[in-house]
Amino acid sequence: MLALRGEGRHELARALLRSPKAGPFRAPLDSMPRLAQLVIDDELLDQVLVLDRPESRQLEIHLHASDALLSVLRQHLEIDTLQLSPAESLLCQALDGAQVELALEQLAQPWSAFLAGLAGSSPEQRSREIAAARERSRAAMAMAQPARLVLCGAQNAGKSTLMNRLLASPRSLTGAFAGLTRDPVRDQTCLSGYPYLLVDTAGEGPAQTEIDRRAQGLGRRELAEGDIRLLLVDGSCQPSREDRALAIPPCLLLRSKGDLIAAHWPEDFSAHLEISARDQSASELRVLIGASLLQLRSLPPAGPVGGPAALSREELTELAEE
Ligand SMILES: Nc1nc2c(ncn2[C@@H]2O[C@H](COP(=O)(O)OP(=O)(O)OP(=O)(O)O)[C@@H](O)[C@H]2O)c(=O)[nH]1
Ligand SMILES: [Mg+2]
């Protein structure tokens, strides 16, 4: 929303607006929402809703705020960019109720007030409070900042099928053709209340063409940049040397295709879970994998953390400086 404030707001609004049919904007500027076109330098930027609020001497232009549009507006108008605190950002971007509860808890006891309060504590109390805040912050940061969870494994292991189940949406192409996924596919979701950026990658295996080789290279780069691996090994085949090489911690090892006849599974390569995308529902898989990830990461159940906590790297650095 773009807010024009003060007595000159109507004049400025009329300079920026056209009627919905591109003629001069003649409709009264009042508390009735009106459709209009936002035009700057004869360029149509957006279809907007206009609403005046005389009590606060503010005229609101509700727009579809893309980055490109905001950058044009910034060039032409003096815009105060709203600075959100990490707790406010979390509240705006939350995908899960647990994130909302954490954001509300943190808004009620701001981090800056907690840091200021440390100044009056005795050295022992201070180090106890800092240690407790560090522990709370570990969980809070994991709830506020998505971890990159990279799906990896051999071609046809069922990575893309699982990705789609976890997102409850057909985001990634799936099929019996080995090497179907090429460019990495990314999307966000919350599992057990913690946010993840899921990344589906090209499977390991014979690369028939230069395009396949490039795709596998891109997948390896995602693995190098990822936080956690979700390694799928087809349970109807024995794990290969390549599968073992991919199991670099932190890694959740899944035996996939549990509905098929199981191959002999070596004892020294134990899987965290056996799954079947054919027999298990999306919600069942989300719950199982979410809970296993919590265990792997030693994280508590998602939600409020019981006191002030850092929600961003910057806030955590402020604690280190105390
Ligand atoms: N029986 C059975 N088949 C499955 C299961 N999960 C996936 N499949 C099938 O296995 C084939 C490969 O699945 P994908 O999800 O495309 O495999 P992928 O690991 O993404 O393969 P690439 O992109 O080639 O690396 C498809 O025909 C799926 O339907 C499962 O749990 N059980
Ligand atoms: Mg795939």
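Residues numbered from 1 in each chain as written. Chains lettered and ligands numbered in written order. Predicted model: local features only at pLDDT ≥ 70, side-chain atom pairs only at ≥ 80, totals over all residues. Heavy atoms only, no water.

Structural notes on the overall build of the protein
As a reminder of what qualifies: By the criteria applied, helices consist of DSSP H or I runs no shorter than four residues and strands consist of E runs no shorter than two, each listed in order from the N terminus. All radius of gyration figures rest on C-alpha atoms, and the globule criterion is 2.2 Å times the number of residues raised to 0.38. Partly exposed residues are those whose accessible area sits between 20% and 50% of the maximum for their type, while under 20% is buried and over 50% is exposed, using a 1.4 Å probe and protein chains only. Contact between two residues is taken to exist if any of their heavy atoms lie within 4.5 Å; hydrogens are not considered. Only the protein chains shown count as cover for residues, and the accessible areas themselves come from Shrake-Rupley with a 1.4 Å probe. Positive: Lys, Arg. Negative: Asp, Glu. His and the chain ends are not part of the count. Where a charge lies is defined by one atom per residue type: Lys uses NZ, Arg uses CZ, Asp uses CG and Glu uses CD.
Looking only at helices and strands, the protein has 11 helices and 11 strands in total. Against the globule reference of 20 Å for 322 residues, the protein gives a C-alpha radius of gyration of 26 Å, more extended than a compact globule. With the C-alpha coordinates of the protein rotated into their principal frame, the extents come out at 80 × 65 × 35 Å. Buried residues in the protein amount to 43% of all 322 residues. A sequence separation of at least 24 residues applies to 56% of the contacts in the protein between residues at least 6 apart. Carbon and sulfur atoms make up 52% of the accessible area of the protein, which totals about 17400 Å². Taking the average place of the 34 positive charges on the side chains of the protein and the average place of its 43 negative ones, the gap between the two points comes to 4 Å.

Remarks on the sheet that holds strand β8 (residues 194–200)
We apply this condition: By this definition, two strands are paired if DSSP reports at least two bridges between them. Between N-to-C directions, angles cover 0 to 180 degrees, with each direction set by a line fitted to C-alpha atoms, over the stretch in contact for helices.
With respect to topology, 6 strands assemble into an open sheet ordered β7-β8-β6-β9-β10-β11, the strand pairing being mixed. The open sheet is flanked by β7 (185–191) and β11 (273–274), the only strands paired with a single partner. Examined bridge by bridge, β7 and β8 share 7 bridges and lie antiparallel to one another. Opposite R186, over in β8, you have V199 as the bridge partner. Its contacts with the sheet place helix α8 (residues 210–225) against β6 (147–153), β7, β8 and β9 (228–234), and it is angled at close to 140 degrees to β6.

Some words on the domain arrangement of the protein
We count it as follows: Residue ranges for the domains trace back to a domain assignment, done automatically or taken from a database. By definition, the buried area sums, over both parts, the 1.4 Å-probe accessible area that each loses when the two are put together.
What the domain assignment reports for the protein is domain 1 (2–76), domain 2 (86–144 + 301–320) and domain 3 (147–296). Each of domain 2 and domain 3 has a C-alpha centre, and these two points are 33 Å apart. The partner domain 3 presents 8 residues to the 10 residues of domain 2 that form the contact. Interface area, domain 2 with domain 3, both sides summed: about 620 Å², of which 67% is carbon and sulfur.

Section: the sheet that holds strand β1 (residues 2–5)
Within the open sheet, the 5 strands sit side by side as β1-β5-β4-β3-β2. Their pairing is antiparallel. The sheet is open, and its two borders are formed by β1 and β2 (17–18), each paired with just one other strand. Sheet topology places strand β3 (residues 34–40) next to strand β4 (residues 43–53); 7 bridges connect them, and they run antiparallel. The residue bridging R34 from the neighbouring strand is V50, located in β4.

As for the state of the cysteines
Rules: When two cysteine sulfur atoms lie within 2.5 Å, the pair is treated as a disulfide.
Following the criterion strictly, the structure yields 0 disulfides and no others. For C237, which is in no disulfide, the shortest distance to another cysteine sulfur is to C152 and amounts to 16 Å. Owing to a relative accessible area of 37%, C237 belongs among the partly exposed residues under this scheme.

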